[in-house]
Amino acid sequence: MKLSELIFGNIDLSREELEKKYPERNFPEGAKVTRLGPSPTGFIHLGNLYGAFIDERLASQSKGLIYLRIEDTDDKRYVEGAVDTIIDSLSYFDINFDEGVTKDGELGAYGPYYQSEREDIYKVYVKELLDKGMAYPCFLKEDEIEAIRELQMSKKDNPGIYGEYAKYRDISFEEAKKRIESGEEFVIRLKSSGHDGEAAKYISVEDAIRGNLAMPENFQDTVILKKNGIPTYHFAHVVDDHLMRTTHVVRGEEWLSSLPVHVELFDKLGFELPIYCHTAQLMKMDNGNKRKLSKRKDPELSLDYYKELGYHKDAIKEYLLTILNSNFEEWRIENPNTDWREFEFSLDKMSTSGALFDINKLDDVSKDVLLRKSADEIYDFLLAWAAEYDIEAKNTLEKYSAGLIKSALDMGRNDAKPRKDLINASQIFDFISYFFDEYFQLRDYMPAEVSKEDGIDILEKYLASYNHEDDNSLWFEKIREIADELGYALKPKDFKKNPENFKGHVGHVSTVIRLALVGRAQSPDIWTIQQLLGETVLRERVARYIDELK
RNA sequence: GGCCCUAUGGUCAAGCGGUCAAGACACCGCCCUUUCACGGCGGUAACCCGGGUUCGAUUCCCGGUAGGGUCACCA
């Protein structure tokens with residue numbers, strides 16, 4: 001009897017059958033097969049999205065395929081509905097899968113795509129390694145491992161189970177049998193053939209983003225099968241990515257240090273190494289130092305954070321693209337209206353150092369993204385955002401006509417030099433909020449150049465001369481007249497040249513009107529606002545301001 | 001601590017043996033302008049340090065330093 005039979009009993013699957021069941025994919029030369037392997041507990045965050053874009057672009061540009069595999073090998077509890085959430089949030093950003101786990105079942109011939117359902121498959125390969133003497137059952141208890149670690153610390157040896165410290169790597173069949181039959185728990189460890197220290201050979205791997213990586217070979221007897229019979233990430237990765245015929249493995253640079261383990265496993269299993277693409281981490285500034293964004297500590301890593309602030313998904317996407325590929329921004333300037341998918345993404349344009357998330361840049365990108373959206377789209381977007389995050393705003397938006405709101409959103413956007421006022425939903429709502437009576441607020445403020453008496457004068461004359469039918473230039477002529485009558489320069493330049501001749505200039509006069517109408521000193525063109533506000537509201541607001549001043 | 005990754009202005013980044021070291025964001029100034037936004041023009045601001053190699057190093061080599069990551073029966 002063999003050790004593997006003792007452990008697994010009879011296995012009616014074989015390597016040959018698996019190879020036959022999951023053949024090489026019938027794709028044209030150069031087609032890339034990528035995958036996303038989230039765990040069903042974690043939510044999708046900015047870092048995942050960053051990687052997912054690479055997977056998606058690589059697959060889609062090469063006419064290959066991207067699939068979704070759920071990596072649920074952890075004992076951690078499965079979060080109800082997590083898979084739907086993962087699929088939904090990625091799809092929200094235009095990342096859709098060609099194969100793998102879907103919201104209702106699985107799609108594709110290389111499944112199952114839940115690692116928890118692949119136990120039988122993993123066992124085939126564990127058994128093989130066992131039979132070849134490349135793996136062994138290890139009966140070390142937690143406290144024994146702890147003791148070993150302490151000994152290693154005192155001797156300044158590398159921590160871990162390997163070589164001398166791997167007590168069970170040469171366990172006899174009889175002893176293993178005795179222990180197993182007595183019900184002792186155990187894990188299966190790889191019997192590494194690597195060496196520690198001086199004797200270590202170097203391995204070299206060509207990373208598609210980082211170029212040649214050279215590092216010492218693995219020497220640790222890494223656990224490949226946990227005591228519950230489920231493989232560790234390392235083992236599942238190697239088996240799955242081989243069997244699912246993944247060509248490119250995109251993952252964060254935190255995996256770099258376990259690369260030697262993976263290389264050894266691929267080698268011992270006789271599988272071809274996929275092309276690794278180790279991406280740089282997204283960083284954040286913390287006390288003057290860059291550090292990896294952490295999903296526990298940093299809300300800005302969460303996609304909901306941006307959604308709640310009201311950033312459009314396209315803005316997030318474009319921003320990510322600008323840090324993903326250094327030439328994207330340039331391309332975007334040259335092709336302002338082209339679909340992002342036409343940009344040719346390439347791995348060698350990727351930065352290898354961690355980028356700091358820059359909200360300023362996001363804002364800038366967002367302005368341009370929103371400029372490309374129609375008022376209709378922005379209206380829908382704003383309403384959807386309000387419905388989720390600001391009920392008061394939503395109620396208000398629904399009270400006013402869609403036509404008014406859309407016109408407000410569109411102010412100055414169709415000019416030769418369009419305005420770019422719109423950044424994110426909460427800011428957009430605020431930007432147009434003075435059109436809504438319940439948000440409009442008079443402010444107790446007057447430009448320094450205008451006395452209170454003049455302010456009242458300006459507003460009374462303005463009301464007296466106002467004709468809602470006037471076009472922009474006729475209306476402004478009247479404002480000029482008012483300015484002139486009260487001793488304000490018709491042109492700001494005149495005032496700047498000879499400030500002693502005037503109280504101020506027509507801009508100051510306009511500011512008073514602006515304050516009366518919108519309650520703030522800055523806004524888009526007053527005439528446009530007047531037209532949208534309507535004569536009744538306009539006269540009311542001005543009258544109210546006059547009262548306020550008196 | 002071992003191993004690995006990274007190192008150009010405040011941020012993102014081109015450049016990879018000879019450049020007055022691109023560009024974008026941010027910031028400042030000017031122009032345009034009834035305010036703001038947009039746009040235009042201009043400006044401040046950078047090759048981590050030390051040794052080599054070379055006629056010449058930001059670029060190549062070595063050594064430091066700094067930052068990051070990783071050293072689990074988590075992924």
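Because the structure is predicted, anything quoted here is derived from the model rather than measured. (Residues numbered from 1 in each chain as written. Chains lettered and ligands numbered in written order. Predicted model: local features only at pLDDT ≥ 70, side-chain atom pairs only at ≥ 80, totals over all residues. Heavy atoms only, no water.)

Participant: Mind laying out the overall build of chain A, listing which residues take part and the relevant values?
Facilitator: Looking only at helices and strands, one finds 23 helices and 16 strands in chain A. By the compact-globule yardstick of 24 Å for 550 residues, chain A is too spread out, its C-alpha radius of gyration being 33 Å. Considering only residue pairs separated by 6 or more positions, chain A has 74% of its internal contacts joining residues 24 or more positions apart. Surface summary for chain A: the accessible area is close to 27,000 Å², and the carbon and sulfur share equals 48%. Put simply, chain A has 75 plus and 103 minus side-chain charges, and the middle of one group is 2 Å from the middle of the other. (Helix = DSSP H or I, 4+ residues; strand = E, 2+ residues; numbered from the N terminus. Rg over C-alpha atoms; globule rule 2.2 N^0.38 Å. Contact = heavy atoms within 4.5 Å. Areas by Shrake-Rupley, 256 points an atom, 1.4 Å probe, with all protein chains shown as cover. Lys, Arg positive; Asp, Glu negative; His and termini not counted. Charge placed at Lys NZ, Arg CZ, Asp CG, Glu CD.)

Participant: Account for a positive patch on the surface, naming residues and giving values.
Facilitator: Taken together, the side chains of Lys491, Lys493, Lys496 and Lys497 present a region of like positive charge at the surface. By secondary structure assignment, the location of Lys496 is in helix H20 (residues 492-497). (Patch = residues over 30% accessible without salt bridge, like charges linked within 9 Å, V, L, I, M, F, W, Y side chains within 5 Å. Salt bridge = Lys/Arg side-chain N within 4 Å of Asp/Glu carboxyl O.)

Participant: So what's going on with helix H14 (residues 375-389)? Residues and values would help.
Facilitator: Taking 1.5 Å as the rise per residue, H14 with 15 residues should run 21 Å; its terminal C-alpha atoms sit 21 Å apart, in good agreement. Here H14 has its buried residues at Ala375, Ile378, Tyr379, Phe381, Leu382, Leu383, Trp385 and Ala386. (Expected span 1.5 Å × (residues − 1). Buried < 20%, exposed > 50% of the residue type's maximum accessible area, 1.4 Å probe, protein only.)

Participant: Give a detailed account of the protein's contact with RNA strand B, specifying residues and quantitative values.
Facilitator: The environment of RNA strand B is formed by 62 residues, the closest being Arg210, Glu329, Arg419, Lys493 and Ser523. Sugar and phosphate atoms represent 73% of those atoms of RNA strand B found within 4 Å of the protein. In this structure, a phosphate oxygen belonging to RNA strand B sits 3.3 Å away from a side-chain N or O atom of Tyr202. One of the side-chain nitrogen or oxygen atoms of Glu253 is found 3.3 Å away from a sugar or linking oxygen of RNA strand B. Classifying every residue of the surface near RNA strand B by side-chain character gives 22 nonpolar, 14 polar and 26 charged. (Near = heavy atom within 4 Å. Polar contact = N/O pair within 3.5 Å; in protein donor to acceptor, adjacent residues only side chain to side chain. Nonpolar A, V, L, I, M, F, W, Y, C, P; charged D, E, K, R; others polar.)

Participant: Tell me what's going on with the packing of helix H18 (residues 452-465) against helix H23 (residues 535-549), and back it up with residues and numbers.
Facilitator: Closest axis-to-axis distance for the H18/H23 pair is 10 Å, and the angle between their directions is 155°. Accordingly, the angle class assigned to the pair H18 and H23 is roughly antiparallel. Our pair here, H18 against H23, has a crossing hand that is left-handed. Taking contact as the criterion, the partners of Lys452, Gly455, Ile456, Leu459, Glu460, Tyr462 and Leu463 in H18 are, on H23, Leu538, Arg539, Val542, Ala543, Tyr545, Ile546 and Leu549. (Axes fitted to C-alpha atoms, helices over the stretch in contact; angles between N-to-C directions. Parallel < 35°, antiparallel > 145°, perpendicular 65-115°, else oblique. Left-handed = near helix turned anticlockwise from the far one by under 90°.)

Participant: Explain the sheet that holds strand S3 (residues 99-102) to me, and be specific about the residues and the numbers.
Facilitator: Hydrogen bonds along the backbone pair up the strands of a sheet, which may run parallel or antiparallel. Taken together, the four strands give an open sheet; going across it, the order is S1-S2-S3-S4, and neighbouring strands pair in mixed fashion. Because the sheet does not close on itself, it has two edges, and the strands there are strand S1 (33-36) and strand S4 (105-107). Pairs of neighbouring strands in the sheet enclose a mean axial angle of 25°, with direction left out of account. Direction of pairing for S3 relative to S4: antiparallel, over a ladder of three bridges. Residue pairing in the sheet places Gly100 in a bridge with Leu107 of S4. Relative to S1, helix H3 (residues 46-61) is tilted by about 155°, and along the sheet it contacts S1 and strand S2 (65-68). (Pairing = 2+ DSSP bridges.)

Participant: Any chance you could break down the pairing of S3 for me, citing the residues and the numbers?
Facilitator: With two bridges connecting them, S2 and S3 associate as parallel partners. Bridge assignment links Tyr67 to a residue of S3, and that residue is Glu99. Joining the antiparallel neighbours S3 and S4 is a turn of two residues.

Participant: Explain the layout of surface pockets to me, using residue names and the numbers behind them.
Facilitator: Taken as a whole, the largest pocket holds about 1,100 Å³ of empty space. Around the largest pocket, the lining is made up of 39 residues, and of these Gly37, His45, Asn48, Glu254 and Trp255 lie nearest the centre. Going through the elements one at a time, S1, H3, helix H8 (233-243) and strand S10 (248-252) are the ones with two or more residues in the lining of the largest pocket. The class makeup of the residues in the lining of the largest pocket is 14 nonpolar, 14 polar and eleven charged. (1 Å grid on protein atoms, 1.4 Å probe; cavity = no way out; pocket = protein on both sides within 12 Å on 5 of 7 lines; lining within 4 Å. Points joined across faces, edges and corners; volume = space filled by probe spheres on them.)

Participant: How would you sum up the confidence of the model for chain A? Please name residues and give values.
Facilitator: Low-pLDDT stretches of the model should not have their predicted coordinates read in fine detail. Of the residues in chain A, 98% reach a pLDDT of 70 or more, and the chain-wide mean stands at 92. Between the elements of chain A, mean pLDDT differs from a low of 71, seen in strand S13 (residues 289-292), to a high of 98, seen in S2. Predicted complex metrics record ipTM = 0.92 and pTM = 0.90. (pLDDT = per-residue confidence, 0-100.)

Participant: Mind laying out the pattern of salt bridges, listing which residues take part and the relevant values?
Facilitator: A complete count under the given rule lists 49 salt bridges for this structure. Residues Arg539 and Glu535 are paired through a salt bridge, measuring 3.0 Å at the closest nitrogen-oxygen approach. You can see Arg539 and its partner Glu535 sitting in helix H23, four residues apart, about one turn around the helix. Overlapping salt bridges, with partners in common, bring together Arg35, Arg69, Glu71, Arg118, Asp240 and Asp241 in one network.

Participant: Give a detailed account of the packing of aromatic side chains, specifying residues and quantitative values.
Facilitator: Applying the stated rule across the entire model yields 23 aromatic pairs. Note on Tyr400 and Phe436: the rings are 4.8 Å apart at their centroids and 50° apart in plane angle, and the pair reads as tilted. Placement of Tyr400 in the loop between helix H15 (391-399) and helix H16 (402-409) and of Phe436 in the loop between helix H17 (425-432) and H18 is noted, with a sequence separation of 36 residues between them. Each member of the pair, Tyr400 as well as Phe436, carries the same accessibility label: buried. Three or more aromatic residues link up through ring pairs in this structure, and these residues are Tyr305, Tyr306, Tyr311, Tyr319 and Phe357. Lying over the aromatic face of Phe139, Arg179 brings its terminal NZ or CZ to 5.5 Å of the ring centre. (Phe/Tyr/Trp six-rings, centres within 6.5 Å; stacked < 30°, edge-to-face > 60°. Lys NZ or Arg CZ within 6 Å of the ring centre and 35° of its normal.)

Participant: How would you summarise unusual backbone geometry if you had to cite specific residues and measurements?
Facilitator: Omega for the peptide link from Gly111 to Pro112 comes to 0°, which places this bond in the cis form. Locating Pro112 in the fold gives a position in the loop between S4 and helix H5 (119-131). If you check the backbone angles, Lys63 has positive phi at about 60° while not being a glycine. On the secondary structure map, Lys63 appears in the loop between H3 and S2. Given a relative accessible area of 67%, Lys63 falls into the exposed group. Positive phi, close to 60°, is recorded for Lys156, a residue that is not glycine. Looking at where Lys156 falls in the secondary structure, it is placed in the loop between helix H6 (142-155) and helix H7 (173-181).

Participant: Give me the domain arrangement of chain A: which residues, what numbers.
Facilitator: When its domains are assigned, chain A resolves into domain 1 (31-117), domain 2 (120-279), domain 3 (284-371), domain 4 (375-421) and domain 5 (452-549). Just the C-alpha atoms count here: the centres of domain 1 and domain 4 sit 34 Å apart. (Domains from an automatic or database assignment.)

Participant: Which residues make up the environment of Asn467, and what values go with them?
Facilitator: Within the secondary structure layout, Asn467 lies in the loop between H18 and helix H19 (472-485). Distance from Asn467 to Lys297, taken between C-alpha atoms, is 58 Å for residues 170 residues apart in sequence.

Participant: Can you lay out the sheet that holds strand S5 (residues 135-138) for me, pointing to particular residues and giving the numbers?
Facilitator: Here we have three strands laid out as an open sheet, ordered S5-S6-S9, and antiparallel in their pairing. Here the strands that pair on one side only, and so sit at the sheet edges, are S5 and strand S9 (223-225). On average, adjacent strands in this sheet sit at an angle of 45° to one another, irrespective of strand direction. Across two bridges, strand S6 (residues 187-190) lies against S9 in antiparallel orientation. Each residue of the ladder has a partner; that of Ile188, found in S9, is Leu225.

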